[in-house]
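# Observations on chain architecture
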Amino acid sequence: MLKKRQQMHKTWTLNGVYANWKLTVAIEPGEYTNDVPEWPGEKLAPVVGHFFETVNLYELRRDADLAHRLD
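Below is a short write-up of the structure. Quick caveat, the model's predicted, so the values are computed rather than measured.

## Side note on the pairing of strand β1 (residues 8-15)
Looking at chain direction, β1 and strand β2 (residues 20-27) are connected through eight bridges and run antiparallel. Directly across from Leu-14, in β2, lies its bridge partner Trp-21.

This is the structure in C-alpha cells:
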C-alpha cells in the first residue's frame, strides 16, 4: 500500500479594520522523500514578521488616505 506523503500547514491571521488578513504556509515533502522535516519556525519567523508589518502599514496607509480625503 502506498503511504500518503505528509505535509504541514500553518496559518496566521490578523483582523484589521479594512480586511481580515490570512497568511498560510504549506510545506510538502520533495519528490524523493516521504515526510516533511520538522517545522522550520526560526527560518519562517522573518516571513511572518514581514506579513504583520505589511498589514499594519497597509492599514495605516488606508487611515491616512481617509483622513486626507476628509480634510
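## Regarding the environment of Val-48
With respect to the helices and strands, Val-48 occurs in helix α1 (residues 41-70). Val-48 gets classed as buried once you look at its relative accessible area, which sits at 12%. Between the C-alpha atoms of Val-48 and Thr-24, which are 24 residues apart in sequence, the distance is 9.8 Å. Those residues in contact with Val-48 that sit more than four places away from it in its chain are Trp-12 and Leu-23.

## Section: the side chain of Glu-59
The residue Glu-59 is located in helix α1 in this model. Notably, Glu-59 is buried but unbridged: the nearest opposite-charge side chain belongs to Arg-62, and the N-O separation is 7.4 Å. If near-sequence neighbours (up to four positions away) are discounted, Glu-59 is found in contact with Gly-16, Val-17, Tyr-18, Ala-19 and Trp-21.

## Let's talk about the pattern of salt bridges
Applying the stated criterion across every chain, the model contains one salt bridge. For the salt bridge of Arg-61 with Asp-65, the shortest nitrogen-to-oxygen distance reads 3.1 Å. In this pair, Arg-61 and Asp-65 both sit in helix α1, four residues apart, roughly one turn of the helix.

## Quick word on the nonpolar core
Judged by nonpolar contacts, Trp-12, Leu-23, Val-25, Ile-27, Val-36, Leu-44, Val-48, Phe-51 and Val-55 together constitute the single largest core of nine residues. Counting residues per element, the ones that place at least two in this core are β2 and α1. Sort the elements by how many residues they give to this core and α1 lands first, with four residues. Setting aside its immediate chain neighbours within four residues, Ile-27 contacts Gln-7, Met-8, Val-36, Trp-39, Pro-40 and Leu-44.

Reading the values: rules and limits
- Residues numbered from 1 in each chain as written.
- Predicted model: local features only at pLDDT ≥ 70, side-chain atom pairs only at ≥ 80, totals over all residues.
- Heavy atoms only, no water.
- Pairing = 2+ DSSP bridges.
- Helix = DSSP H or I, 4+ residues; strand = E, 2+ residues; numbered from the N terminus.
- Buried < 20%, exposed > 50% of the residue type's maximum accessible area, 1.4 Å probe, protein only.
- Contact = heavy atoms within 4.5 Å.
- Lys, Arg positive; Asp, Glu negative; His and termini not counted.
- Salt bridge = Lys/Arg side-chain N within 4 Å of Asp/Glu carboxyl O.
- Core = buried A, V, L, I, M, F, W, Y, C linked by side-chain atoms within 4.5 Å.

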